[in-house]
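So the chains spell out like this:
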Amino acid sequence: MGKLSGKYAVVTGGSQGIGEAIVKRFVEDGAAGVAILGRNLDVAQNTAKLIDPTGEKVIAIRCDVSDEQQVADAVETILEKFKTIDILVNNAGVTNDSMFHKMTKEQWDAVININLYGVYHMCKYIVPVMREKNYGRIVNITSISAFGNIGQANYSATKGAIISFTNTLAMEGGPKNITANCIAPGFIRTEMYNAVPDEIIAKHIKRVPLKRLGEPSEIAGAASFMASDDASFVSGQCLVISGGGSI
Ligand code: CAA
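Residues numbered from 1 in each chain as written. Predicted model: local features only at pLDDT ≥ 70, side-chain atom pairs only at ≥ 80, totals over all residues. Heavy atoms only, no water.

(A) Representation of the packing of helix α4 (residues 105-133) against helix α5 (residues 153-173). Two elements in contact, α4 and α5, have axes whose closest approach is 8 Å; the angle formed by their N-to-C orientations is 15°. As summarised for this structure, α4 and α5 are arranged roughly parallel, according to the angle between their axes. With respect to the hand of their crossing, α4 and α5 are arranged in right-handed fashion. Taken together, the residues of α5 that come into contact with α4 (itself represented by Gln107, Trp108, Val111, Ile112, Asn115, Leu116, Val119, Cys123, Val127 and Arg131) are Ala153, Asn154, Tyr155, Ala157, Thr158, Lys159, Ala161, Ile162, Phe165, Leu169 and Glu172. Class assignment of the residues belonging to the contact of α4 with α5 gives a composition of 14 nonpolar, 4 polar and 3 charged. (Axes fitted to C-alpha atoms, helices over the stretch in contact; angles between N-to-C directions. Helix = DSSP H or I, 4+ residues; strand = E, 2+ residues; numbered from the N terminus. Parallel < 35°, antiparallel > 145°, perpendicular 65-115°, else oblique. Left-handed = near helix turned anticlockwise from the far one by under 90°. Contact = heavy atoms within 4.5 Å. Nonpolar A, V, L, I, M, F, W, Y, C, P; charged D, E, K, R; others polar.)

Rendered as structure tokens:
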């Protein structure tokens, strides 16, 4: 029996990168069902099939988390299929990096709408399900950029807000047996990180005691722990996984 045995999970942005690694790890740890929410259905379906060729455990749903109606519809579809939701991983996020003095309102809004409104929409529709069943595990993927990062005023604002939001969810959810925690990855080898110029990558790695980028699987193990009953008394925490480095 895996530590997520019998549990049903939702992972936003689960088609690739850290989200994909989390879906894979949840299945390995015995989850009864995992829903991947992604903006591109083909990519989400492809990932679901790779991880679960039977198609029984992992389902793919097209959902842009910045759109409240799409989130409402996706949650309805998950509840039809799984009947319940035990675990919510808010992982979907985008960057649109620029020095703040050059950042347009479009760049600001694009990141706020997905990274922050996305988490708000998901919680708006799933927290009531968890309150009703008196059980829930919320894992929010923030970032070490929450503490500030050159070129990421928009992104870091969302990631900082996610930490405060999570702490409040933890306080309000506790009496209903709902835990809420954050993971703050450092620099992880994903498609998102590909946009960073080589000379900046070198600067980043220099500041990491382990002297390398992290791998998505190194975030997934912690997400599974936080989603499991091994973490039943862990709430309102933010675990930085950055090879010991800070921004
Ligand atoms: N450390 C030190 N200096 C930095 C820096 C850093 N991390 N980032 C930028 N700078 C410097 C540049 O070297 C440059 O210095 P000079 O003026 O002396 O040449 C200055 O800041 C900015 O110069 P420009 O205005 O010419 O920069 P630009 O407009 O061409 O590009 C940028 C700016 C888009 C922000 C680019 O520097 C960049 O992409 N930086 C990387 C941003 C980053 O770290 N993103 C993280 C992505 S991974 C992620 O987001 C996942 C996560 O959760 C951590």
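From this point, things continue past the structure.
(B) Structural detail: the pattern of salt bridges. Applying the stated rule across the entire model yields 10 salt bridges. Lys3 is the salt-bridge partner of Asp29, the closest N and O atoms lying 3.4 Å from each other. Of this pair, Asp29 sits in the loop between α1 (17-28) and β2 (33-38) while Lys3 sits in the segment before β1 (8-12), placing them 26 residues apart in sequence. Using a relative accessible area of 12% as the deciding quantity, one classes Asp29 as buried. Look at Lys3 and you get partly exposed, because its relative accessible area is 32%. One salt bridge in this structure joins Lys124 and Glu68, with 2.7 Å as the shortest N-O distance. With Lys124 in helix α4 and Glu68 in helix α3 (residues 68-82), this residue pair connects regions lying 56 residues apart in the sequence. (Salt bridge = Lys/Arg side-chain N within 4 Å of Asp/Glu carboxyl O. Buried < 20%, exposed > 50% of the residue type's maximum accessible area, 1.4 Å probe, protein only.)

(C) Fine view of the side chain of Thr166. On the secondary structure map, Thr166 appears in helix α5. The contacts of Thr166, once residues within four sequence positions are left out, are Asn140, Ala180, Asn181 and Cys182.

(D) Structural detail: unusual backbone geometry. Located in the positive-phi region is Lys83, a residue other than glycine, with phi close to 75°. Within the secondary structure layout, Lys83 lies in the loop between α3 and β4 (87-90). A residue is classified by how much of its surface remains accessible, and Lys83, at 66% relative accessible area, is exposed. The backbone phi angle of Asn134 is positive, close to 60°, even though this residue is not glycine. With respect to the helices and strands, the residue Asn134 is situated in the loop between α4 and β5 (136-141).

(E) The arrangement of the sheet that holds strand β7 (residues 238-241) in detail. The parallel open sheet is built from 7 strands, whose spatial order is β3-β2-β1-β4-β5-β6-β7. If you trace the sheet from one side to the other, it starts and ends with β3 (58-62) and β7, each paired once. Along the sheet, successive strands turn relative to each other by an average axial angle of 15°, direction set aside. On top of the sheet, α1 reaches β1, β2, β3, β4, β5 and β6 (178-185); it is set at about 170° to β1, its chief contact. Where α4 meets the sheet, it contacts β1, β2, β4, β5 and β6, and its direction lies at approximately 170° from that of β4. (Pairing = 2+ DSSP bridges.)

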